[in-house]
Amino acid sequence: MKPWEGAPWAPRDWQLEALPLMVAACRSGEAGLVSAVMGAGKSVLLTELVAQAMPLVNAKGNMVLISAPTRKLVRQLKSTLVARLGPVVGQYFTEAKDLDKPVVVTCNASVPDLVDKLPRRVALWIADEAHGTEAERLKKAVGPMNPAARIGFTATPFRANESERLDLWDKVVYRYTLGDALKDKVLVPWRTVCWDGQGDAGDVDGIVLRLIRETCEGPGIVSARSIEDAEEYASYLDAHGIRAEAIHSRQGRKQQDELLERLRTGELGALVHVSLLAEGVDLPWLRWIALRRRVGSRVRLFQEFGRVLRCDKGKTGSVVIDPYDLLGTIGLSHPEAMSDDEIAARVRSVVDKEEDDFPLMELPPFNESVPPAIAVSATGVWLRSLIA
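Everything in this summary refers to the structure shown in the same document. Computed from a predicted model, the values in this text were never measured in an experiment. (Residues numbered from 1 in each chain as written. Predicted model: local features only at pLDDT ≥ 70, side-chain atom pairs only at ≥ 80, totals over all residues. Heavy atoms only, no water.)

Details of the environment of arginine 75
Residue position: arginine 75 is located in helix 3 (residues 71-85). Overall, the relative accessible area of 24% leaves arginine 75 in the partly exposed class. Spatially, the C-alpha atoms of arginine 75 and valine 105 are 8.2 Å apart, while their sequence positions differ by 30 residues. If sequence neighbours within four positions are ignored, arginine 75 has contacts with Gln91, Phe93 and Arg253. (Helix = DSSP H or I, 4+ residues; strand = E, 2+ residues; numbered from the N terminus. Buried < 20%, exposed > 50% of the residue type's maximum accessible area, 1.4 Å probe, protein only. Contact = heavy atoms within 4.5 Å.)

A short note on the pattern of salt bridges
It is possible for side chains bearing opposite charge to pair when their charged atoms get close. One pass over the full model with this rule turns up 15 salt bridges. A salt bridge links glutamate 48 to arginine 84, with the nearest nitrogen and oxygen atoms 2.9 Å apart. Taken together, the residues span a long stretch of sequence, with glutamate 48 in helix 2 (residues 42-60) and arginine 84 in helix 3 at a distance of 36 residues. The class for glutamate 48 is buried, based on a relative accessible area of 0%. Between aspartate 113 and arginine 137 there is a salt bridge, and its shortest N-O distance comes to 3.1 Å. Of the two residues, aspartate 113 is situated in helix 4 (residues 111-114) and arginine 137 in helix 5 (residues 136-145); the sequence distance between them amounts to 24 residues. Take aspartate 113: its relative accessible area is 44%, and that puts it in the partly exposed class. (Salt bridge = Lys/Arg side-chain N within 4 Å of Asp/Glu carboxyl O.)

Some thoughts on the environment of glycine 306
Counting through the fold element by element, glycine 306 comes out in helix 10 (residues 298-306). Looking at glycine 306, the relative accessible area reads 0%, which means it is buried. Spatially, the C-alpha atoms of glycine 306 and methionine 38 are 6.5 Å apart, while their sequence positions differ by 268 residues.

Digging into the sheet that holds strand 10 (residues 220-223)
If you walk across this open sheet you meet the six strands as 9-14-13-10-12-11, and the pairing is parallel. Looking at which strands have only one partner, the edges of the open sheet turn out to be strand 9 (190-193) and strand 11 (244-247). On average, adjacent strands in this sheet sit at an angle of 20 degrees to one another, irrespective of strand direction. Here strand 10 runs beside strand 12 (residues 270-273); their pairing, made up of four bridges, is parallel. In the sheet register, serine 223 faces strand 12, and the bridge partner there is histidine 273. (Pairing = 2+ DSSP bridges. Axes fitted to C-alpha atoms, helices over the stretch in contact; angles between N-to-C directions.)

Quick look at the environment of arginine 225
Mapping arginine 225 onto the fold places it in the loop between strand 10 and helix 8 (227-239). According to the relative accessible area criterion, arginine 225 is partly exposed, its value standing at 49%.

Quick notes on the nonpolar core
Grouped together as the largest cluster of nonpolar side chains are 100 residues, with contacts concentrated most on Val50, Ile66, Ile212 and Leu237. Counting residues per element, this core draws most heavily on helix 2, which supplies nine residues. Not counting residues within four places of it along the chain, the set of residues in contact with leucine 237 comprises Leu209, Ile212, Val222, Ile242, Ala244, Ala270 and Val272. (Core = buried A, V, L, I, M, F, W, Y, C linked by side-chain atoms within 4.5 Å.)

Concerning the pairing of strand 11
Sheet topology note: the strand 11/strand 12 ladder contains four bridges and is parallel. Each residue of the ladder has a partner; that of alanine 244, found in strand 12, is alanine 270. Once the chain exits strand 11 it traverses helix 9 (residues 253-265) before rejoining the sheet at strand 12, and the crossover so formed is right-handed. (Right-handed = clockwise from strand over helix to strand, strands pointing away.)

In short, the description is geometric, and any link to function would need to be established separately.
See the structure below:
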């Protein structure tokens, strides 16, 4: 089968470029890594790699194993794979054990227990969100699994946490950055809204509420420190005229799906979350996000505000409410004032650093005063440049 022939979607230019490099890495025995920004279409590219491998896999009676951090991602990946490959795709976790299929999608946590049960040789192992493969139990399972080839995918390749350092992977074979995606119109541009100096600097909750009212339309999400904090702030928004609910891990999947659907249809104006919507969730219809909780990690920050950058019909841009000027700390407050090349260079310089921390801890604790220097984000960036 020729690449992309008969696929239910048209490939993007970057996917056309990346696929042969991935195939070459597999053939050479290298453990290649594809670094692509959230929303760029990693799942579609992953699926096409499997489609190209299937003739050889079937001929030798082997299988393809795909792992992901969560069951939600497993279900999403299976759905994408089935759309291209048909009913040859199974999934494996507590409630589903389809090991008779030539393509199996599973959770990272299930891989160690799965290795001894595999009915066929693993010709290709693909790890989605590859930073999740560095758990010690999973790393020990790679030897017995002995895949003939392996490819990893990630939106954030470098992390400070020792348990997420991507030791299983040899090199990045293709990189598609936020700047690249904005230039190609794969993602929409964003407008950053920082504190304008109005109101009590100690009332972050009130500042965020006002900025939502003044600058946001359509469905959005707000970050919180804990489940209790999410519930309290959802009630606060609701009491002030913005219909909101908290969404968190204590809720069942059905309740979470219902809340997301209520947000999508406009019954709710906002959902308040801790980390449930930070990674591996595709919500292209989101229009804004409020970074109410300070973030001490570049990776987490990219995951957070990346939720609202995905393209959707009729969506021309998004809003990021950033009362602590977190994006300004890495020079991304005002993308409208930067060229595509400047955005790409800035993102690459930030994400390519091995150290994941960046100097946010100098800011005051949550819900104390918002620093006056960041009342106007551009001024904050200018002041930091003078200090540097």
